[in-house]
Amino acid sequence: MEIKKQSSLCGELAVPGDKSISHRAVMFGSLAKGTTRISHFLTGADCLSTISCFRKMGIDIQNSQDEVLVHGKGLHGLTVPSEVLDVGNSGTTTRLISGILAGQDFVSELNGDASIQKRPMKRIMTPLTAMGAEIESIKGNGCAPLRITGKKLHAIRYASPVASAQVKSCVLLAGMYSDGVTSVTEPVLSRNHTELMLNFFGAHVKTSGTTASIQPEPILECRDVTVPGDISSAAYFIAAGLLTPGSEILLKNVGINPTRDGMLRVCQAMGADITLLNVRSQGEPTADLLVRTSTLRGTTIEGEIIPTLIDELPMLAVMAAFADGQTVIRDAQELKVKESDRIAVMTENLARMGADITPAEDGMIINGGRPLHGAEIDSHSDHRIAMSFAVAGTICDGTLTIKNGDCVNISYPEFYKDLYSLGGNSLF
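Quantities reported herein were computed from a predicted structural model and do not represent experimental measurements.

What about the sheet that holds strand β1 (residues 2–4)?
And then number 1: Strand order in the open sheet formed by three strands is β1-β23-β22, with mixed pairing between adjacent strands. Since the sheet does not close on itself, it has two edges, and those belong to β1 and β22 (376–378), each with one partner. The sheet shows a mean angle of 25 degrees between the axes of neighbouring strands, taken without regard to direction.

Structure below.
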């Protein structure tokens, strides 16, 4: 994929549905009674992996262009899969479904692609084992493939060492099959889509500070779910609009959940011109974002804001390279165990473009303002790396080439088409 510099980016976009919420709508709809209707569902490869896994456990799911219909069978309605559950590239599918499988009365196996087989699963194996689950890393390395033998589970109070919505959600979902109230306490609050949506479906989840707790054996009822636009997908167009001269982009119906809006807060600190229009809430708050070209300045990104923008940090690193002054990213060790080691990959690729960037154990230091030029970028088949550098390509001098650029299909199949639609010049 080759990207060329743009003179301006202008127009209006509705970004795809939120990936986190799309996953959960299918999962919770499968465990609910009746037919759940999901509109604006993200049809990226990750969410399709979730659909595939639940179909293999006896759930009838119809996926059309307009909506997804999930014909749920209740909390105990899943049946033993006749084959390995293939999670593809999806860490969300792997970790959340493990919590559900831990409480079933059958044995199941989970496996995925080469990336998934390197991602750490001990972080869910530890609390599930404490609940009485039998979960085994088949290769003995704490990663997929996993074999899960469902058991009767015990309620626990789990103090998670990491702020991770996937870990928290895994434990809460297992807690539905336990013998009492299960709680998870995080060091700082991670995204709360699971808590909001479980309550919407009829579960009893309470939150206090960084602790979430769930009552066992809820009766989940089918719901109509409208998925808001994914702020992680919007982030690329926010950055493109801010950095490309003469640009104005309106992004429609973007989720602005306060456990996910760190991107907007950092942009504000960098001097971004972003106006929130038509702010509204139907369970999940949303707004239209009007983004205009801005002169950005460096900032420090650290502490409690990190879990609210962990997926946007590659894009923020690119923005920092074009901003005036120094940007420091700290407390982001999680970047090393995503689809790629995003600290190493961002450092390697931005340096190749001429950026002044230094990696750290928990982040990176970027001295912005240097002119960047086109280069050959290795995405390491990481969708967020590919999209971040596609935006860089619209701003830097010369042509930028992205290896394995089609990995964007994991979360945003129409990404290049949408970026192209805003361009004043031929993009490719």
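There's more to say after this.
Digging into unusual backbone geometry
And then number 1: Omega for the bond connecting Ala-144 with Pro-145 falls within 30 degrees of zero, at 5 degrees, which places this linkage in the cis form.
And then number 2: With respect to the helices, strands and loops of the structure, Pro-145 is situated in the loop between β8 (134–137) and β9 (146–149).
And then number 3: One non-glycine residue, Ser-381, lies in positive phi territory at about 55 degrees.
And then number 4: If you trace the backbone, Ser-381 turns up in the loop between β22 and α11 (383–393).

Let's talk about empty space enclosed by the protein
And then number 1: As enumerated under the stated definition, the model contains one cavity of 30 Å³ or more in all.
And then number 2: Together, Asp-18, Ile-21, His-193, Pro-228, Gly-229, Ile-231, Gly-255, Ile-256, Asn-257, Arg-260 and Glu-284 line the largest cavity.
And then number 3: Of the residues assigned to the lining of the largest cavity, the class counts are four nonpolar, four polar and three charged.

Description of the packing of aromatic side chains
And then number 1: Scanning all chains against the criterion turns up seven aromatic pairs.
And then number 2: Between Phe-200 and Phe-201 the ring centres are 6.0 Å apart and the planes differ by 85 degrees, which places this aromatic pair in the edge-to-face class.
And then number 3: A residue is classified by how much of its surface remains accessible, and Phe-201, at 0% relative accessible area, is buried.
And then number 4: Ring pairs connect the aromatic residues Tyr-236, Phe-237, Tyr-412, Phe-415 and Tyr-416, which therefore count as one cluster.
And then number 5: The residue whose ring lies beneath Arg-223 is Phe-200, and the NZ or CZ to ring-centre distance is 5.8 Å.

Describing the side chain of Ser-98
And then number 1: Within the secondary structure, Ser-98 is located in helix α3 (residues 91–101).
And then number 2: Excluding anything up to four places from it in sequence, Ser-98 contacts Leu-110, Ile-124, Leu-128, Leu-146, Ile-148 and Cys-170.

Considering the sheet that holds strand β14 (residues 224–226)
And then number 1: Strands sit in the order β4-β5-β3-β14 across an open sheet of four strands; the sheet is mixed. Two strands in the sheet have a free side with no partner beyond their single neighbour: β4 (60–63) and β14. Going from strand to strand, the sheet's axes swing by 15 degrees on average, the running direction of each strand aside.
And then number 2: Note: strand β3 (residues 33–39) against β14, three bridges, orientation parallel. Each bridged residue has a counterpart across the sheet, and for Ile-38 the counterpart in β14 is Val-225.
And then number 3: Across the face of the sheet, helix α1 (residues 19–30) comes into contact with β3, β4, β5 (67–73) and β14 while running at roughly 30 degrees to β5.
And then number 4: The strands that helix α2 (residues 45–55) touches are β4 and β5; relative to β4, the one it contacts most, it runs at about 150 degrees.

About the cut-offs
Residues numbered from 1 in each chain as written. Predicted model: local features only at pLDDT ≥ 70, side-chain atom pairs only at ≥ 80, totals over all residues. Heavy atoms only, no water. Pairing = 2+ DSSP bridges. Helix = DSSP H or I, 4+ residues; strand = E, 2+ residues; numbered from the N terminus. Axes fitted to C-alpha atoms, helices over the stretch in contact; angles between N-to-C directions. 1 Å grid on protein atoms, 1.4 Å probe; cavity = no way out; pocket = protein on both sides within 12 Å on 5 of 7 lines; lining within 4 Å. Points joined across faces, edges and corners; volume = space filled by probe spheres on them. Nonpolar A, V, L, I, M, F, W, Y, C, P; charged D, E, K, R; others polar. Phe/Tyr/Trp six-rings, centres within 6.5 Å; stacked < 30°, edge-to-face > 60°. Buried < 20%, exposed > 50% of the residue type's maximum accessible area, 1.4 Å probe, protein only. Lys NZ or Arg CZ within 6 Å of the ring centre and 35° of its normal. Contact = heavy atoms within 4.5 Å.

Nothing here speaks to function; it is all geometry.
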